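Letter by letter, the chains look like this.
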Amino acid sequence: DQRKLISDSTRAVNRLVDLTNDLLDVARLEEGRYGFEFKKRSIVPLVKQAVQKFRNAADAKGVHLVLQAASRLPSIRVDAEKMSIALDNLIDNAIKYTHPGGNVSMRVTRDKNAVLVEIKDNGIGIPGDQFERLFTKFFRGRNAQIFEINGTGLGLYLTYNIIKQHGGSLTFTSKEGEGTTFLMRL
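Residues numbered from 1 in each chain as written. Predicted model: local features only at pLDDT ≥ 70, side-chain atom pairs only at ≥ 80, totals over all residues. Heavy atoms only, no water.

**Some words on the overall build of the protein**
Right, so step 1: Helix and strand counts for the protein stand at 5 helices and 7 strands.
Right, so step 2: N-terminal to C-terminal, the α/β element order of the protein is α-β-α-β-β-α-β-β-α-α-β-β.
Right, so step 3: For the protein, whose C-alpha radius of gyration is 17 Å, the value lies close to the compact-globule estimate of 16 Å for 186 residues.
Right, so step 4: In terms of overall dimensions, the protein has a C-alpha envelope of 55 × 40 × 35 Å along the principal axes.
Right, so step 5: In the protein, buried positions account for 42% of the 186 residues.
Right, so step 6: Of the contacts made within the protein by residues no fewer than 6 positions apart, 70% connect residues no fewer than 24 positions apart.
Right, so step 7: Carbon and sulfur atoms make up 49% of the accessible area of the protein, which totals about 10,700 Å².
Right, so step 8: Charge separation in the protein, taken as the distance between the mean sites of 28 positive and 21 negative side-chain charges, equals 6 Å. (Helix = DSSP H or I, 4+ residues; strand = E, 2+ residues; numbered from the N terminus. Rg over C-alpha atoms; globule rule 2.2 N^0.38 Å. Buried < 20%, exposed > 50% of the residue type's maximum accessible area, 1.4 Å probe, protein only. Contact = heavy atoms within 4.5 Å. Areas by Shrake-Rupley, 256 points an atom, 1.4 Å probe, with all protein chains shown as cover. Lys, Arg positive; Asp, Glu negative; His and termini not counted. Charge placed at Lys NZ, Arg CZ, Asp CG, Glu CD.)

Here is the structure:
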């Protein structure tokens, strides 16, 4: 009983720490104090690192996580720390909202002078009537709330704004019950 109490308390504290950090990141971002430090580099090592970070979570849930990265991609201006936050949010969401036995695939490719990072899952998807709110603060889809996944509703807001600060774009396609694909263009 004591171990369960400590375990539950630890999870609750970790959720509060995550929420506090997300709120601080949002405040810094909105005030222009998020401190971007851009350097020319390949994004592939950042993507590989993010995938590796979530490999155990995917395996534990029974979600098949795959990465395909094209060779000879151009270097782009990236803040490695901030881009890692964006990648982590997208991969974490894809795994969280995919049922056990499902798939999450990532592709890093080139389109003319842009690098594309695609994160595709066959999870719960996003209701079509909620598309316009997806990148707003504190938004969580109605089906995400039913799926009973804890979240702050700040991850995609931060991710969208981080990518925007990189001069890039983040778009998505989704069908409820079939999955979602996010496309980051840098």
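**Structural notes on the sheet that holds strand β4 (residues 103–111)**
Right, so step 1: Overall, mixed pairing links the 5 strands, which are arranged β2-β4-β5-β7-β6 in an open sheet. At either margin of the open sheet sits one strand with a lone partner, and together these are β2 (64–69) and β6 (169–175). Between one strand axis and the next, the sheet turns through 15° on average, direction left out of account.
Right, so step 2: Across 6 bridges, the pairing between strand β5 (residues 114–121) and strand β7 (residues 179–185) is antiparallel. Bridge assignment links Asp-121 to a residue of β7, and that residue is Thr-180.
Right, so step 3: Most of the contacts of helix α2 (residues 44–61) go to β2, to which it runs at about 170°, and overall it touches β2, β4 and β5.
Right, so step 4: Across the sheet, helix α5 (residues 155–165) touches β6 and β7, and the angle it forms with β6 is around 140°. (Pairing = 2+ DSSP bridges. Axes fitted to C-alpha atoms, helices over the stretch in contact; angles between N-to-C directions.)

**Quick word on helix α3 (residues 80–96)**
Right, so step 1: Taking 1.5 Å per residue, 17 residues should reach 24 Å; α3 reaches 24 Å between its end C-alpha atoms and fits that length.
Right, so step 2: Along α3, 13 of the 17 residues are buried, which leaves the element largely enclosed by surrounding structure.
Right, so step 3: A distance of 3.1 Å separates the backbone nitrogen of Glu-81 from a side-chain oxygen at the start of α3, and that oxygen is part of Asp-79. (Expected span 1.5 Å × (residues − 1). Polar contact = N/O pair within 3.5 Å; in protein donor to acceptor, adjacent residues only side chain to side chain.)

**So, a nonpolar patch on the surface**
Right, so step 1: Residues Leu-16, Leu-19, Leu-23 and Phe-138 make up a contiguous nonpolar surface patch of about 370 Å² in total accessible area.
Right, so step 2: Topologically, Phe-138 is positioned in the loop between β5 and α4 (142–146). (Patch = residues over 30% accessible without salt bridge, like charges linked within 9 Å, V, L, I, M, F, W, Y side chains within 5 Å. Salt bridge = Lys/Arg side-chain N within 4 Å of Asp/Glu carboxyl O.)

**Structural notes on unusual backbone geometry**
Right, so step 1: At Arg-72, a residue that is not glycine, the phi angle is positive and equals roughly 60°.
Right, so step 2: Among the structural elements, Arg-72 can be located in the loop between β2 and β3 (76–78).
Right, so step 3: Of the residues examined, Arg-72 reaches a relative accessible area of 76% and is grouped as exposed.
Right, so step 4: Even without being a glycine, Phe-138 presents a positive backbone phi close to 65°.

**Overview of the pattern of salt bridges**
Opposite charge on two side chains allows them to pair when their charged atoms are near.
Right, so step 1: Taken as a whole and assessed by the stated rule, the structure comprises 9 salt bridges.
Right, so step 2: Taking the shortest distance from any N to any O, the salt bridge between Asp-8 and Arg-11 comes out at 2.4 Å. Here Arg-11 and Asp-8 lie together in helix α1 (residues 2–30), a separation of 3 residues that amounts to about one turn.
Right, so step 3: The partly exposed category is assigned to Asp-8, whose relative accessible area is 29%.
Right, so step 4: For Arg-11, a relative accessible area of 44% corresponds to the partly exposed category.
Right, so step 5: A salt bridge links Asp-111 to Arg-185; the shortest N-O distance between them is 2.6 Å. Residue Asp-111 is located in strand β4, and its partner Arg-185 is located in strand β7; the two are separated by 74 residues in the primary sequence.

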